[in-house]
Amino acid sequence: MPVSSLKHPFRNPILPGFHPDPSICRAGDDYFLVNSSFAYFPGVPLFHSRDLVHWRQVGHCLTRPSQLPLGRAATSGGIFAPTIRFHNGTFYMVTTNVTHGGNFFVKTQDPFGEWSEPIWLAQNGIDPSLLFHDDHVYLTSTGMPDEAGTDVKIQGIIQSEIDIVSGCLLTKSRLLWTGTGGAYPEGPHVYKIGDYFYLMIAEGGTEYGHTEVIARSASPWGPWEACPHNPILTHRSYHSPIQALGHADLVQAHDGSWWLVCLGIRPNHPKVHHLGRETFLAPVEWDAAGWPHAGYEGRIELMMESPRLTPVAWEQPAVRDDFDTQPPGLKWNFFGPPDPQDWSLTERPGAVCLHGHAAHLDAGMGCVWLGCRQEHFDYEVQTSLDFSPAGEGEEAGLTVWMDSRHHYEIYVMHEAGKRLVAVRRRIGSLSARVASQEIPDGPVILCVRANRIFYSFAWITKEGKECNLATGETRYLSSEVAGGFTGVYFALYASGNGRKNSTPAYFDWFDYRSLENSGRLGIDSPIKELFRDERAREILNRNMPELLANPVANWQANFSLVDFYAMSPENITTEKVLSVDAELRSANIPG
């Protein structure tokens, strides 16, 4: 649907950055949404909305180590897909800890407060979901059935009836459905809508072949009739900036309309994604035969028509976090439950203090690390670091982190009696310090700026001069390169690389500033728009005279400068793009 025809548009994704496997429920006029969190702590972020478009984080479902035992989990271990449901005044969140214990649920009557200790479930598999119907509670998951007399174990959607108080299974798990033939039938949800029970699942795996399919039955146990127009949602083999749609959950709004949330990704060029799997919203219409139609003919767009609900927008998070709240703000995560001796917000009030020890970033779980998600392609992060390393190997700084084998960092270190600021890139088995400069004593501001193609790393002098050190491509922090199910974080860290740091690292503040939709010309603007403006043309001519001397083809003029760079890195160097970026930001030219 053309954006110009939208009367009240909203922008997808509704939760950008690493917010995968969404599940949603309604309680009156309030909506609550959860995402998987893997090895990060606290676990299962919880969001609240009144209009399905504007969301605010109100907490986490798993806030105590007793709820979230992780051991030495890898980045993509820990908590897999959750489901949230509301029944008779109580909220239930059911999920899987693949590292420890399997399936469990927690509950609360106050979603803005604490949740219960885990109630463990004997049913195997992943992606559990709950259906409350009459006096029965059904537990559905992806796994292998445990039916009496079953000789051959078949992977598919399984279900049992449970006691919601104790979590005990009242029946053995039975195979419900193996789907329509797509790989990896998973992410099941069963709903009672009208005269039918509907079973909705994902197929194809949580990547580019992802789809969502649905079936129905007169009984919660089947047999199941597949929807004649399956898949009801997919961008498989479809040209769109959004890919991998699937793992959806349905909700009926308080005005009677139907909607779904699902995961998706926004790949770069070449086709890789580093922000992680994000949460998208789409309308659902039911036809006369009782089948759902999702989005616009099974597709989702970046701009879509908003629900006809009264908009309720929340206050936007501040750019700066001064670390003046205890515990840290809801956007912050640790990599696994932290040791209280490793960090403090009271040792120096108004700063977060990190005590680096022997574990280093490459070690993964156990490193001293406090991070927040990258939620925008174009952004700027800055932090003020007060750290005076006294021994070889001591360091602290800011890492751009996908996992323990794929990360870039700018950090302060001690070497040969000098205090240095340096940049290191870790890509799989390769690790190299690619730049360093000696810096004076005292606090230093570290800066990471990014677009869809690369990160740039700089430090800022006391006089305000920005000193660029190095860059790193976003693609090498992508899921296609690193593997796994997560997305990029920005994290403050400290490490002694084999021993305890002799001094703490104090981070006085942290700025996260989105540079998207700024209304100003930048390197992410279409080349044709840069050509139209006289000052922008002058900047291009100073830095890339060959671009003006050899005009691009009409079809290429719609690409941004960073897209053009990605397609022709041999013709446009990173240094030239950075120079144009700096001059355009300084010129502040309206777009």
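Right above here is the structure, for reference.
The notes below deal with the structure included here. (Residues numbered from 1 in each chain as written. Predicted model: local features only at pLDDT ≥ 70, side-chain atom pairs only at ≥ 80, totals over all residues. Heavy atoms only, no water.)

1. Examining the overall build of the chain
Next up, step 1: Scanning the chain from N- to C-terminus turns up six helices and 39 strands.
Next up, step 2: Against the globule reference of 25 Å for 591 residues, the chain gives a C-alpha radius of gyration of 25 Å, in line with a compact fold.
Next up, step 3: In terms of overall dimensions, the chain has a C-alpha envelope of 70 × 60 × 45 Å along the principal axes.
Next up, step 4: Of the contacts formed within the chain by residues at least 6 apart in sequence, a portion of 59% connects residues at least 24 apart. (Helix = DSSP H or I, 4+ residues; strand = E, 2+ residues; numbered from the N terminus. Rg over C-alpha atoms; globule rule 2.2 N^0.38 Å. Contact = heavy atoms within 4.5 Å.)

2. Here's the deal with the packing of aromatic side chains
Next up, step 1: Taken as a whole, this structure holds 34 aromatic pairs when the rule is applied.
Next up, step 2: Here the aromatic rings of Tyr 40 and Tyr 489 are separated by 4.3 Å at their centres, their planes lie at 25°, and the arrangement is stacked. In this pair, Tyr 40 sits in strand S4 (residues 40-41) while Tyr 489 sits in strand S38 (residues 489-495), placing the two residues 449 residues apart along the sequence. For the pair Tyr 40 and Tyr 489, one class covers both residues: buried. (Phe/Tyr/Trp six-rings, centres within 6.5 Å; stacked < 30°, edge-to-face > 60°. Buried < 20%, exposed > 50% of the residue type's maximum accessible area, 1.4 Å probe, protein only.)

3. With respect to unusual backbone geometry
Next up, step 1: Look at the link from Phe 41 to Pro 42: it is a cis peptide, with omega at -5°.
Next up, step 2: Looking at where Pro 42 falls in the secondary structure, it is placed in the loop between S4 and strand S5 (43-49).
Next up, step 3: A cis amide bond links Gly 222 to the next residue, Pro 223, at an omega of 5°.
Next up, step 4: As for its position among the elements, Pro 223 is in the loop between strand S17 (211-217) and strand S18 (225-226).
Next up, step 5: For Ala 416, which is not glycine, the phi dihedral falls at a positive 50°.
Next up, step 6: With respect to the helices and strands, Ala 416 occurs in the loop between strand S32 (406-415) and strand S33 (418-427).

4. Some details on the sheet that holds strand S8 (residues 90-97)
Next up, step 1: Pairing in this open sheet of four strands is antiparallel, and the strands run S7-S8-S9-S10 from one edge to the other. The open sheet has two edge strands, strand S7 (83-87) and strand S10 (119-120), and neither has a second partner.
Next up, step 2: Where strand S9 (residues 102-108) and S10 come together, two bridges link them in antiparallel fashion. Within the sheet, the bridge partner assigned to Phe 104 lies in S10 and is Trp 120. (Pairing = 2+ DSSP bridges.)

5. Here we look at the side chain of His 247
Next up, step 1: Note that His 247 resides in strand S20 (residues 243-252).
Next up, step 2: Since its relative accessible area comes to 5%, His 247 is described here as buried.
Next up, step 3: Leaving out residues up to four positions away in the same chain, His 247 has contacts with Asp 21, Pro 22, Ala 81, Asp 127, Gly 187, Ala 202, His 210, Glu 212, Val 261, Cys 262 and Leu 263.

6. A short note on helix H3 (residues 534-543)
Next up, step 1: Among the residues making up H3, those that are buried are Ala 536, Ile 539, Leu 540 and Asn 543. Taken down its axis, H3 places every buried residue within 95° of arc, on the same side. Opposite the buried face of H3, at more than 90 degrees from it, the exposed residues are Glu 534 and Arg 542.
Next up, step 2: Tucked inside the fold, the buried residues of H3 contact helix H2 (527-532), helix H4 (545-549), helix H5 (561-567) and helix H6 (574-587).
Next up, step 3: Where H3 begins, the side chain of Asp 533 points an oxygen toward the backbone nitrogen of Arg 535, at a separation of 3.0 Å. (Arc of directions from axis to C-beta. Polar contact = N/O pair within 3.5 Å; in protein donor to acceptor, adjacent residues only side chain to side chain.)

7. A look at the packing of H3 against H6
Next up, step 1: Taken N-terminus to C-terminus, the directions of H3 and H6 make an angle of 155°; their axes are 10 Å apart at the nearest point. Classified by the angle between their axes, H3 and H6 sit roughly antiparallel to one another. In terms of crossing hand, the pair formed by H3 and H6 is right-handed. For the pair formed by H3 and H6, the contact residues are Arg 535, Ala 536, Ile 539, Leu 540, Arg 542 and Asn 543 on the first element and Lys 576, Ser 579, Val 580, Glu 583, Leu 584 and Ala 587 on the second. (Axes fitted to C-alpha atoms, helices over the stretch in contact; angles between N-to-C directions. Parallel < 35°, antiparallel > 145°, perpendicular 65-115°, else oblique. Left-handed = near helix turned anticlockwise from the far one by under 90°.)

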